[in-house]
Amino acid sequence: MNQSLFKNTLTYLNKAADLAKIDPHVFSVLQHPKRSVEVTLPLRMDDGSQQILTGWRVQYNDALGPFKGGIRFHPNASLEEVTALSALMTWKNAAVGLPYGGAKGGVAVDAKKLSTHELERLSRRYVDAIYPIIGPEKDVPAPDVNTNPQIMAWMMDEFSRLHGYAVPAAFTGKPVELGGIAGRDTSTSLGGVFVLEWFLENSKEFKDRLPQDISVAVQGFGNVGANIAQILFNKGYKVVAVSDSESALYHKNGLDINEVIHSQDKKGKIPKNVCYPVKIKEVKNDVDCETLTNEQLLEADVDVLIPSAIENQLTEENASKIKAKVILEMANGPTTPEAENTLTKRNIIVLPDILANAGGVVGSYFEWVGNLQRYTWSNEEFAESLKNIMLKAASEIGKVKEEYKTDFRTATYIVALRRLSNAIKLRG
Ligand code: GLU
């Protein structure tokens, strides 16, 4: 079942708007995208054949500034999914106080089946198709699921070619050599760690517990999942389970995530049937290691569950079986409203996507500002500024949560809605 992500985010928005008494005119504007563009992308394959692909760029709202949001290459991408993700970007940018509106792009394609040349041609085609509506002052794309710095480099090059001169600020998440910023690739994960630790430090149950006594399961081992698992592992947390789309590894004493990352294959898949328990460095089959399915990973007996893959993973069906006490949503839209109701009733804390994974777009913001000003940030300046923005947002949201006696997601939507509502009203 692929429940409508768009309907889900509007359900959350509705709840927050009701509670915070948001002007109904503003609320009704926010239920629709400002502009949706569908493009046809003929792709020449290496064997001389041609595939016709479809792509989208949805610009949801720009009350707070230029549109901003990633581009995903995924076989299930659709106009509806991209619209929902563009709405989530709007709330996310507003919630953490960035001067951006929200947008998202997508191409329905199985990027893992394309050669490097095919991927480059597709990336350039996509930019040719959406060129009129993007640019540093209009709409600034970035990586998302199955897109990466190399793809941003091709896209920036194509945009610059059409423009007549180099425009690094047209895309973020670029390689450092092309005006990218060191740390952007891990900023989504690092931002999530700041939010998680902010929560743990302020929680009665966790504040006196050491990282090694806090167990973690991470679903998804792409850029976000692998990096957050590694950062938490290196900070001493007990990361007991990780998974990719095919399989999951589990060890009750914790996995050595650096070893797992080291043993990923060329396509980024984690090893099957080989486990890396903490303290046992050499590669070996260990009797205590278990392989799980993705479903079992979500239901693992851990303190913190981190869905870092795709949407609609925690649903009505599995919400009553989740054993984690805290859920850090690093994916966009992993929890359905029905699941959230069940989780809330069971006192499970959900730190919502639009706060938890905002470190990515915050990193993008620093990159964009640097490109516009021809300025390069130091690593220290970058990490410090990311931390400041994430902690400021988390504590503002924490206060609103207390004020309205509600859950973290509703509080985050309220903060976003207030900013959007003020901007929309002031613009008249
Ligand atoms: N794709 C990321 C997200 O969902 C980053 C977007 C950006 O940096 O513009 O937040």
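Keep in mind the model is a prediction, meaning the values are calculated, not measured. (Residues numbered from 1 in each chain as written. Predicted model: local features only at pLDDT ≥ 70, side-chain atom pairs only at ≥ 80, totals over all residues. Heavy atoms only, no water.)

1. With respect to the sheet that holds strand β8 (residues 248–250)
Read across the sheet, seven strands follow the order β9-β8-β7-β6-β10-β11-β12 without closing on themselves; strand pairing throughout is mixed. Among the strands making up the open sheet, the edge pair consists of β9 (290–292) and β12 (349–351). With strand direction ignored, the average angle separating the axes of adjacent strands in the sheet is 20°. Relative to strand β7 (residues 238–243), strand β6 (residues 215–219) is paired through five bridges, and the arrangement is parallel. Bridging across to β7, Ser215 finds its partner in Lys238. (Pairing = 2+ DSSP bridges. Helix = DSSP H or I, 4+ residues; strand = E, 2+ residues; numbered from the N terminus. Axes fitted to C-alpha atoms, helices over the stretch in contact; angles between N-to-C directions.)

2. Remarks on empty space enclosed by the protein
Unfilled space is identified by rolling a water-sized probe across the atoms. The tally for this structure, following the rule as stated, stands at one cavity of 30 Å³ or more. Lining the largest cavity, in full, are Leu5, Asn8, Thr9, Tyr12, Leu88, Gly333, Pro334, Thr335, Asp353, Arg409 and Tyr413. Looking at the lining of the largest cavity, the element that brings in the most residues is helix α1 (residues 5–19), giving four residues. Tallied by class, the residues present in the lining of the largest cavity amount to five nonpolar, four polar and two charged. (1 Å grid on protein atoms, 1.4 Å probe; cavity = no way out; pocket = protein on both sides within 12 Å on 5 of 7 lines; lining within 4 Å. Points joined across faces, edges and corners; volume = space filled by probe spheres on them. Nonpolar A, V, L, I, M, F, W, Y, C, P; charged D, E, K, R; others polar.)

3. Considerations on the packing of helix α3 (residues 79–95) against helix α14 (residues 408–427)
Packed helices, taken two at a time, are described by the angle their axes make and the gap between the axes. At a minimum axis distance of 8 Å, the contact between α3 and α14 shows a crossing angle of 85°. Classified by the angle between their axes, α3 and α14 sit roughly perpendicular to one another. Counting all contacts with α3, which are made through Leu88, Thr90, Trp91, Ala94 and Ala95, the residues of α14 involved are Thr412, Tyr413, Val415, Ala416, Arg419 and Leu420. (Parallel < 35°, antiparallel > 145°, perpendicular 65-115°, else oblique. Contact = heavy atoms within 4.5 Å.)

4. Topic: the nonpolar core
Residues Trp91, Leu232, Val239, Val242, Ile306 and Leu328 are the most contacted members of the largest nonpolar core, which totals 91 residues. The element contributing the most residues to this core is α14, with ten residues. Core analysis: the second largest hydrophobic core is formed by 27 residues, Leu43, Val109, Leu122 and Val167 among them. (Core = buried A, V, L, I, M, F, W, Y, C linked by side-chain atoms within 4.5 Å. Buried < 20%, exposed > 50% of the residue type's maximum accessible area, 1.4 Å probe, protein only.)

5. Quick look at the site of the ligand
Taken together, 14 residues surround the ligand, and among them Lys68, Lys92, Pro143, Asp144 and Ser364 come closest. One of the side-chain nitrogen or oxygen atoms of Lys92 is found 2.6 Å away from an oxygen atom of the ligand. Lys104 places a side-chain nitrogen or oxygen 3.1 Å from an oxygen atom of the ligand. For the ligand, whose unbound accessible area comes to 300 Å², protein coverage reaches 94%. Sorting the residues of the shell around the ligand by element identifies β3 (67–73), α3, β5 (139–143) and α12 (359–373) as the ones contributing at least two each. (Near = heavy atom within 4 Å. Polar contact = N/O pair within 3.5 Å; in protein donor to acceptor, adjacent residues only side chain to side chain. Areas by Shrake-Rupley, 256 points an atom, 1.4 Å probe, with all protein chains shown as cover.)

Nothing here speaks to function; it is all geometry.
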